[in-house]
Every structure is written in structure tokens, then in C-alpha cells.
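As a plain string of letters, each chain reads:
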Amino acid sequence: VFGLGESGILPLGLSYYSFRQIHYALEVYKKTSLSKHSLWEYMSYLFFLPTILIGPINRFQAFHRDLKRRRWDNSLFSQGLERILYGFVKIVVLGNYLFSYKLNNFALGLEDTNLWLATYLKMFRFAANAYVQFAGFSDVAIGLSLLFGFKVMENFNSPFKATNIADFWNRWHISLSEWCRDYVFYPFLGMTRNARISIIMSMLVLAGWHEISIRYLLWGIMHALAINLWHRYNNSPMQIAIARIPLLQKSLGIGITLHFVMLSFILTNEVDMAASWETYKILFFIN
């Protein structure tokens, strides 16, 4: 139940069931029509085993509906086993072996002959490994939930195919993105009538959920500025002109978005800001 963190002993999965608790409390405060339920049913939702450690951040309404309706279902059980297998392939084969071992060793071997390429490959390795590991664990959680008769929301939808940064956040860690949209963006939008400020606040909360530190604060600000910049660019004369060539628009969109995401991950991957700055200097030829 408990794990050892940098600042002492912490409950495992604290960030996930904290956000589930906030979701439930805000839904009650808004007088959302929650179906009648017992304390035991609420506690079952809050500490639902498959999603407690690494999500997704499932919502109470869907969980309670499945809790009431669930029956033995051969199809769901089969889907669950299949999904768990997919998850372990992503984690073990792609993440641990291909990216963390093979690609990492290949990049290390290039450091003496081509430092820029080695640094670029390590940047790509971290982003790719983060995706397959996180998506793999989400697959395992979704699969385990299916074994118990619960349909948990999807958490990833091919995020590296995103054609802009807003599209990326509709595909990456979907349950957290939607949580921030519903409980941070919309409330701040209602108070300020300013979408730009609401986006910044949403990304700061999202960054703080990962880690309360300067590096994650900067990471959140980078993404907030990028999303605001995208909304300024969308439907602009330049965007309309590029849209006349769909293949060019899609290729540029995927390439720019993917590299922005990888570059932003440097802030969260390196041990400190000095190491991040050294990596940026190599990648941008200012070393």
C-alpha cells in the first residue's frame, strides 16, 4: 500500500486516487446526478486495483454503472487477456529491450564519433520509451479491468501521429488531459473569459501533477505557450495556404509536433537544468 519516496513514505498511487477523489468531490459539489451508491461502492471506486498505480483516471459514473451491471462475459475476459498481452509486449519488448537496451547502447557507441546523432537518438529513445512504457501499463490496467468486468477509458491514441500540439494532448494521457479540461480549463474560462490564461493554468496543474519542481514548471509553460501559439496560427493566412497541400500540412504538422514534444522531454529527462542546457546546446549546434 505504501512506497518509499524522496521525502519519505508515501501511499502508492497517491496522484491517481487524489484526482479521482477531486473528481468525485467536484461532481457532488456541482450536484451532478450521481446514481445512489454506498460508502463501500465509493471506496471500491477510489481504490480500484487495476488503475490505482498508473491510471487511467477513470470517472465514478462509468465505474458505478459497470459495478452494477457486470456479469461474467467470455468476450470481455478474452479482450482483457489480449490487452494485457499487448501491454507486456510494449513494456518488455519495445520499451525494455528495443529502446532502453538496444537503441541506448547504439547511441552510446556513437558518442565518440557523432555526438549530435548520439544525443538526438537518446532524445528520441526517451520519448519513445516513455510512450510505450506508459501506454503498455495503461493497456495492462485496461485489460485487468476487463477481466473484472469494468470498461476503463482509453489513455493513449497514437500521440506521435498528432499534427499539432493541441491534437497531441487529445491523444496523450487522455484521462489526465480530460480531467484538466473539465476541472481546471472550464472553471478558469468561466471566471476569466480568457482561454489563453485557462490553457496556462491547465498545463501548470498538469505539470504539477507529475512533479512539483522547476523543470516540470518550465515543461508545463513550454506546452502552454505552444498550445496558445497553435491557436493563434490556426486559421491564419499561413495555415490556410499550407492547407492547400494536405500532404505537406500533415507532414509538417507531425514533424514539428513530434520534435517539440521530444525537445520538451529533455527538461524532464535530464538530472538537472544544467544537464538539460548542455543537451540543448549540442542539438542546436551552440556547444
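Anything mentioned here points back to the structure above.
Residues numbered from 1 in each chain as written. Predicted model: local features only at pLDDT ≥ 70, side-chain atom pairs only at ≥ 80, totals over all residues. Heavy atoms only, no water.

Visitor: Just checking my understanding: could you explain unusual backbone geometry for this structure?
Guide: What is expected of a backbone is that most residues other than glycine have negative phi and most peptide bonds are trans. The omega torsion across glycine 55 and proline 56 is 0°, close enough to zero to call that bond cis. For proline 56, the location among the structural elements is in the loop between α3 (49-52) and α4 (60-69). Phi is positive for serine 158, close to 45°, though the residue is something other than glycine. Position of serine 158 among the secondary structure elements: in the loop between α6 (115-147) and α7 (165-169). Its relative accessible area of 28% is what places serine 158 among the partly exposed residues. The phi dihedral of phenylalanine 285 is positive, around 60°, even though this residue is not glycine. Within the secondary structure, phenylalanine 285 sits in the segment after α13 (273-283). (Helix = DSSP H or I, 4+ residues; strand = E, 2+ residues; numbered from the N terminus. Buried < 20%, exposed > 50% of the residue type's maximum accessible area, 1.4 Å probe, protein only.)

Visitor: Please clarify how a nonpolar patch on the surface should be interpreted in this entry.
Guide: On the surface, Ile214, Leu217, Leu218, Ile221, Leu225 and Met273 cluster together into a nonpolar patch covering about 500 Å² of accessible area. Turning to its location among the elements, leucine 217 is positioned in helix α10 (residues 214-233). (Patch = residues over 30% accessible without salt bridge, like charges linked within 9 Å, V, L, I, M, F, W, Y side chains within 5 Å. Areas by Shrake-Rupley, 256 points an atom, 1.4 Å probe, with all protein chains shown as cover. Salt bridge = Lys/Arg side-chain N within 4 Å of Asp/Glu carboxyl O.)

Visitor: When you look at α10 in this model, what are you seeing that I'm missing?
Guide: Structural remark: α-helix, 3.6 residues per turn; residues separated by three or four positions point the same way. With 20 residues, α10 should cover 28 Å at 1.5 Å per step; its first-to-last C-alpha distance of 28 Å lies within 8% of that length. Listed in full, the buried residues belonging to α10 are Tyr216, Trp219, Gly220, His223, Ala224, Ala226, Ile227, Asn228 and Trp230. In this fold, the buried residues of α10 make contact with α7, α9 (195-210) and α12 (246-269). (Expected span 1.5 Å × (residues − 1). Contact = heavy atoms within 4.5 Å.)

Visitor: Sorry, what's going on with the nonpolar core here?
Guide: Ile165, Trp169 and Trp219 are the most contacted members of the largest nonpolar core, which totals 49 residues. For this core, the element with the highest residue contribution is α6, accounting for 9 residues. In contact with isoleucine 165, not counting residues within four places along its chain, are His223, Ala226, Ile227, Trp230, Thr257, Phe260 and Val261. Within the second largest apolar cluster, 14 residues are counted, among which are Ile52, Phe63, Leu76 and Leu146. (Core = buried A, V, L, I, M, F, W, Y, C linked by side-chain atoms within 4.5 Å.)

Visitor: I'm lost on the environment of isoleucine 240 in this one. Help?
Guide: Summarising the element assignment, isoleucine 240 is placed in helix α11 (residues 237-242). On the basis of relative accessibility, which here comes to 43%, the residue isoleucine 240 falls in the partly exposed class. Residues isoleucine 240 and leucine 217, 23 residues apart in the sequence, show an inter-C-alpha distance of 33 Å.

Visitor: Whenever I open this one, the packing of aromatic side chains confuses me. Can you help?
Guide: Remark: the centre distance and the inter-plane angle together describe each pair of aromatic rings, the angle taken between the planes. A complete count under the given rule lists 30 aromatic pairs for this structure. Measuring from ring centre to ring centre gives 4.5 Å for tyrosine 24 and tyrosine 42, while their planes differ by 45°; the resulting arrangement is tilted. You can see tyrosine 24 sitting in helix α1 (residues 14-29) and its partner tyrosine 42 sitting in helix α2 (residues 39-46), a full 18 residues away along the chain. Accessibility classification places tyrosine 24 together with tyrosine 42 in one group, the buried group. (Phe/Tyr/Trp six-rings, centres within 6.5 Å; stacked < 30°, edge-to-face > 60°.)

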